[in-house]
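Each chain, letter by letter, is given below.
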Amino acid sequence: MMRSRFFWKNFLSYCLVIGFTTFVVSYLLVLKTQSFIEENAIEGLQEKLVLFESYFADGTTWRDPETIKLLVTMAQETETRLTVLNEAGDILLESEVDEVRTNEIHRNRPEVKEAARNEVGLDKRYSASKSSQTLYTAKKVQTATDTLFIRLGVPIRNLEDRVADIFSAIGIGASMGMLLSLLVALVIVRRITDPVSEMTKVAGAISLGNYAARIRRLPNNELGTLGEAINRLAAAVQANISRREKMEQIRREFSSNISHELKTPLTSIKGYVDTLLEGALEDKAHNMRFLRIINNNAERMISLVSDLLSLATIEANEGVVELETVDWRPIVQEAIARQQIKANSKEITLETVIDDQEPLVKGSRKPMSHILENLLQNAINYTPVKGHIQIHLRRDKGFIELSIKDNGIGIARQDQPRIFERFYRVDTARSRNEGGTGLGLAIVKHLVIQIQGFITVDSDIGRGSTFTVKLPAI
């Protein structure tokens, strides 16, 4: 309904403009044509006057019956009325009256009076003898014997017939032109109103929460630009809504996971504390074991809170880390030194391979150290006794790649896309037994993004895992 009103409102506006313009132009054209025909008729009469004048030069020859007959014939053939007057205004010859009315004086006729003054006169008036409006022109002729006035007249109806014919032709042409203009206007209005109607419909849908609504037909003009802007706005709103919903989902999952992760050690701690308070404290055979369990759960909670604080700090500072030139080699050496005791306890061999002589990258030392520490610790945790871990540095197409490869238990393909999510564990029981909080790889990913790098994983069950971090080479 809205589209119909909008369309007809615009189309009727075009119709009014086209109709008014056509009328005004046609009316002015008719007036101009009528004026042109009249002026042309006057010029034609004056040219005929010159032709008739040649027969009156000697003042007597024209009186010959044959000459008079010739003059009358010429007047009839040229569709004009010929009148010859003497200086007193008496009619000497009249081409369209059978008997010359000698008693009628024409000296006071406007065209004759003007011709007497200026040699040529002009007038338009009603002719009683012809019973119609007539255009007259007169000329004063000085012959050898006397002064004559030659007057020619043409009925206005002859001119009006010509004007009517031209008016009819103009009317037909104007009607056809107006019809064509209306058809063009119809196309133009549709090209304007259809996109506007669609934009209004889409905007209404977006306002009601349908952020997937899009304008499909975009014209190649300013309306198309506006439509693209509306589509971009809708996409941005949809993205923001989706992001908000995703963040809300993450928040809910995070809260649930935090509650679960904290509840488990707290429940264990409370259970063993209650057992000790109920008398087990005096049981020397079990009290120390209970205290070690309590201590392990407390350390697990401390580790979890520490990782949460680290993740919150990283997210708060994301994008504000100042990058500098960093050498990977000392960071690798320090990380191996810190993890060597744990690796030795499992008889795991740590190997370093550096292909590039100066593995310099654009990064930040502290995040890089944290990244390597986490990845190396995970590799040791999930590599069996007497296993092997290789830390490999090499240059590849403008990047320095740091790879930590182990021959541990590996990660299933279906789990790999999710291992960087918070609290996601491939093997929950084993991860907790190894002291993992489920936040280590999430922290690693945030740190890698923070220093504008990339991280990937390649793993198979039973064949180990390879984590690769790529940073821009210097």
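As a starting point, this report considers the structure included with it.

**Considering the overall build of the chain**
Part 1: A tally of helices and strands in the chain yields 10 helices and 12 strands.
Part 2: Split into buried and exposed, the 474 residues of the chain put 38% on the buried side.
Part 3: In the form shown here, the chain has an accessible surface area of approximately 27600 Å², with 56% of it arising from carbon and sulfur atoms.

**Digging into the sheet that holds strand 9 (residues 388-396)**
By definition, the strands of a sheet pair up through backbone hydrogen bonds, in either a parallel or an antiparallel sense.
Part 1: Pairing in this open sheet of 5 strands is mixed, and the strands run 7-9-10-12-11 from one edge to the other. Two strands bound the open sheet, and with one partner strand each, they are strand 7 (349-354) and strand 11 (454-460). Looking at each pair of strands side by side, their axes are set apart by 15° on average, direction ignored.
Part 2: Here strand 9 runs beside strand 10 (residues 399-406); their pairing, made up of 8 bridges, is antiparallel. Residue pairing in the sheet places Ile389 in a bridge with Asp406 of strand 10.

**So, the packing of helix 7 (residues 328-345) against helix 8 (residues 365-381)**
Part 1: Close contact between helix 7 and helix 8 brings their axes to 9 Å; oriented N to C, the two are set at 35°. Considering only the axes of helix 7 and helix 8, their crossing is right-handed. Between helix 7 and helix 8, the residues in contact are Trp328, Pro330, Ile331, Val332, Glu334, Ala335, Ile336, Arg338, Gln339, Lys342 and Ala343 and Arg365, Met368, Ser369, Leu372, Glu373, Leu376, Gln377, Ile380 and Asn381, respectively.
Part 2: When its residues are assigned to classes, the contact of helix 7 with helix 8 shows 11 nonpolar, 4 polar and 5 charged.

**As for the packing of helix 8 against helix 10 (residues 440-450)**
Part 1: Running from N to C, helix 8 and helix 10 point in directions that differ by 150°, and their axes come no closer than 9 Å. Taken as axis vectors, helix 8 and helix 10 run roughly antiparallel relative to one another. Between helix 8 and helix 10 lies a crossing of left-handed hand. Residues Pro367, His370, Ile371, Asn374, Leu375 and Asn378 of helix 8 pack against Gly440, Leu441, Ile443, Val444, Leu447, Val448 and Gln450 of helix 10.
Part 2: Along the lines of polarity and charge, the residues of the contact of helix 8 with helix 10 split into 8 nonpolar, 5 polar and no charged.

**Here's the deal with the packing of aromatic side chains**
Part 1: Tallied over the entire structure, the rule returns 5 aromatic pairs.
Part 2: A ring pair is formed by Phe23 and Tyr27, whose centres lie 6.2 Å apart and whose planes are at 15°; its orientation type is stacked. Placement of the pair is Phe23 and Tyr27 together in helix 1 (residues 2-53), with a separation of 4 residues, close to one helical turn.
Part 3: On the basis of relative accessible area, Tyr27 is assigned to the partly exposed category, the value being 47%.
Part 4: Above the ring of Phe399, the side-chain terminus of Lys470 is found at 5.1 Å from the ring centroid.

**Remarks on the pattern of salt bridges**
Part 1: Across all of its chains, the model carries 15 salt bridges by this definition.
Part 2: The partner of Asp274 in a salt bridge is Lys270, with the nearest N and O atoms 3.0 Å apart. Pair noted here: Asp274 and Lys270 are both in helix 5 (residues 222-277), with a separation of 4 residues, about one helical turn.
Part 3: Under the relative-accessibility criterion, Lys270 is labelled exposed at 52%.
Part 4: Note that Glu373 is salt-bridged to Arg338, the shortest N-O span being 2.7 Å. Remark: Arg338 occurs in helix 7 and Glu373 occurs in helix 8; sequence separation between them is 35 residues.
Part 5: Owing to a relative accessible area of 15%, Glu373 belongs among the buried residues under this scheme.

**Some words on the sheet that holds strand 1 (residues 81-86)**
Part 1: Here 5 strands make up an open sheet; going across it, the order is 2-1-5-4-3 and the pairing antiparallel. Since the sheet does not close on itself, it has two edges, and those belong to strand 2 (91-94) and strand 3 (120-127), each with one partner. Averaged over all adjacent pairs, the angle separating strand axes in this sheet is 20°, with direction ignored.
Part 2: Contacting strand 1, strand 3, strand 4 (132-142) and strand 5 (147-155), helix 3 (residues 110-118) runs over the sheet at an angle of about 175° to strand 3.

Criteria and cut-off values
- Residues numbered from 1 in each chain as written.
- Predicted model: local features only at pLDDT ≥ 70, side-chain atom pairs only at ≥ 80, totals over all residues.
- Heavy atoms only, no water.
- Helix = DSSP H or I, 4+ residues; strand = E, 2+ residues; numbered from the N terminus.
- Buried < 20%, exposed > 50% of the residue type's maximum accessible area, 1.4 Å probe, protein only.
- Areas by Shrake-Rupley, 256 points an atom, 1.4 Å probe, with all protein chains shown as cover.
- Pairing = 2+ DSSP bridges.
- Axes fitted to C-alpha atoms, helices over the stretch in contact; angles between N-to-C directions.
- Left-handed = near helix turned anticlockwise from the far one by under 90°.
- Contact = heavy atoms within 4.5 Å.
- Nonpolar A, V, L, I, M, F, W, Y, C, P; charged D, E, K, R; others polar.
- Parallel < 35°, antiparallel > 145°, perpendicular 65-115°, else oblique.
- Phe/Tyr/Trp six-rings, centres within 6.5 Å; stacked < 30°, edge-to-face > 60°.
- Lys NZ or Arg CZ within 6 Å of the ring centre and 35° of its normal.
- Salt bridge = Lys/Arg side-chain N within 4 Å of Asp/Glu carboxyl O.

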